Protein chains: 2
Amino acid sequence: MKPRIVTISRQFGSGGRTIGEMLAKELNVAFYDKRLIAMVAKESGLALEFIEETGEYSSTNSYLFNMYMSVGYNHSGYAPDVLSPADRVHIVQSNLIRAIAEKEPCVIVGRSADYILQEREDCLNVFIHADIEYRVNYAVAHYDVPAADAKKRIERIDKTRANHYRHYTGQQWGVASHYHIALDSGKLGLTRCRDIIAAAARGDDIEA
Amino acid sequence: MKPRIVTISRQFGSGGRTIGEMLAKELNVAFYDKRLIAMVAKESGLALEFIEETGEYSSTNSYLFNMYMSVGYNHSGYAPDVLSPADRVHIVQSNLIRAIAEKEPCVIVGRSADYILQEREDCLNVFIHADIEYRVNYAVAHYDVPAADAKKRIERIDKTRANHYRHYTGQQWGVASHYHIALDSGKLGLTRCRDIIAAAARGDDIEA
């Protein structure tokens, strides 16, 4: 089955978001990252800044959230007020990602989309990483991060992404076998990463 | 820097060895797996069957081995009799892999070659995996493994490979960020995996 959806998980500063954007342009499909956040904001009535922060970086140990998920309400699209704002963001966001995947071929960066869409067979799940030196340089050049803080900030962001992923998926972040393709953007370069993923996404020889 | 050496680590039954063979043919370079084992056997004076078993699947907790490695003798090519046979195999094998990498462009499957050659900048390190159903079918078709035993046997072999890798490298096996390219052969197919790796190995746009 030819993939319709490409999900991209990435270490901070690996250029994974940029690869996703280049890929969506190459494949001529929709691209979701901040735009997705804005949609979530609109739908949930929660503040944009809060969603941007919690949508990928927070984790809770809410008893209510686990209960809510375990009884299968998570597919209903309804995120009750009794849940914490972080958990509500996660639920609204998950339902939005499912709806987007249903609607159109696209590239989705971050937001644990690989896990949220795990039951679909038309997803190609990608992980982008690079060594710390590459990511420090990338973050300084692209995100206005001061060079002195870059390494610490990268490690903190990766740690919070990993915690968030573990909390909402029960799985370890960055394990090769969770992704169909994992690439070192520092070694391979962004363009080659885009080309590898685009070729795989175009291939109708891809097995389900 | 254009890669000269491709190392391939792989889950049992993922077809990683076959991809390595196809890749070496495509790139017209030497291919090392069993041939490497035979060379180790000849050099160490240890029995071939023993090496095949311990070279990738054993782990020890030898105090002597750790002491030997910590004082930096591991690069000397000398594996003293006082060490266990498993540790001697590892040391002789490591030195052989270093010598091969120095000698000629090649594809090396297994044997923790990615870790052994970690100081070289001309290596492209690859990990091949697939889901358990694919690997059960592959093992039954290619390795004469009875279908009833296949799943258990695959899990046991992966576990011993992971233990061996952790013992000799101190690292977790199968973490995406340890490899430049990690691919799901069940999803992508063996030929596409070969093509992706070959394109990256040929690219002189590859950054060191």
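Residues numbered from 1 in each chain as written. Chains lettered and ligands numbered in written order. Predicted model: local features only at pLDDT ≥ 70, side-chain atom pairs only at ≥ 80, totals over all residues. Heavy atoms only, no water.

### What to know about the state of the cysteines
Here is the rule we go by: When two cysteine sulfur atoms lie within 2.5 Å, the pair is treated as a disulfide.
Summed over all chains, the structure comprises zero disulfides over all chains. The thiol of A:C106 is unpaired, and the distance to the nearest cysteine sulfur, on A:C123, comes to 8.2 Å.

### Observations concerning the pairing of strand β5 (residues 181-184) of chain B
To keep it simple, the criterion reads: The cut-offs for exposure are 20% and 50% of the maximum accessible area for each residue type, with area from a 1.4 Å probe on protein chains only; residues under the lower value are buried, those over the upper are exposed, and the others partly exposed. Numbering goes from the N terminus for both helices and strands, where a helix is a DSSP run of H or I of at least four residues and a strand is a run of E of at least two. DSSP bridges decide pairing: two strands pair if at least two such bridges lie between them.
Of the two faces of β5(B), the one carrying B:I181 and B:L183 and the one carrying B:A182 and B:D184 are both buried. Alignment of strand β5 (residues 181-184) of chain A against β5(B), held across three bridges, turns out to be antiparallel. Note that in β5(B) the partner of A:A182 across the bridge is B:A182. Where strand β4 (residues 123-129) of chain B lies against β5(B), four bridges are found, and the strand directions are parallel. The residue of β5(B) that forms the bridge with B:I128 is B:L183.

### What to know about helix α8 (residues 147-169) of chain B
Residue and element names in this part refer to chain B. Quick reminder of the rule: One fewer than the residue count of a helix, multiplied by 1.5 Å, yields its expected span. Take the seven residues that end at a residue and the seven that start at it, fit an axis to each, and the angle between those axes is the bend at that residue.
The terminal C-alpha atoms of α8, which comprises 23 residues, lie 33 Å apart, in line with the 33 Å expected from a rise of 1.5 Å per residue. The sharpest bend along α8 reaches about 25° and sits at R153. For α8, every residue scored as buried is listed here: A150, I154, I157, D158, R161, A162, H164, Y165, H167, Y168 and T169.

### Focus: the environment of A:D131
All names here are of chain A. With respect to the helices, strands and loops of the structure, D131 is situated in the loop between β4 (123-129) and α7 (132-142). Here D131 falls in the partly exposed class, since its relative accessible area comes to 43%. Taking C-alpha positions, D131 is 6.8 Å from G186, a pair spaced 55 residues apart along the chain.

### Overview of the interface of chain B and chain A
As a reminder of what qualifies: Contacts are residue-level and defined by heavy atoms, with any inter-residue pair within 4.5 Å sufficient. By buried area we mean the combined loss of accessible area, with a 1.4 Å probe, across both parts when two parts are placed together. Between N or O atoms, a polar contact is any pair within 3.5 Å; within protein, one atom must be a potential hydrogen donor and the other a potential acceptor, and residues adjacent in sequence are included only when both atoms are from side chains. The classification used treats Ala, Val, Leu, Ile, Met, Phe, Trp, Tyr, Cys and Pro as nonpolar, Asp, Glu, Lys and Arg as charged, and all other residues, Gly among them, as polar.
Contacts between the two partners involve 30 residues from chain B, matched on the other side by 30 residues from chain A. Carbon and sulfur atoms make up 51% of the surface buried where chain B meets chain A, a total of about 2,300 Å² over both sides. Counting across the chain B and chain A interface gives 15 residue pairs in polar contact (both at pLDDT 80 or more). Elements with a contribution of two residues or more to the side of chain B that touches chain A: β4, β5, α9 (185-188) and α10 (190-202) of chain B. Looking at side-chain class alone, the side of chain B that touches chain A contains 15 nonpolar, nine polar and six charged residues.

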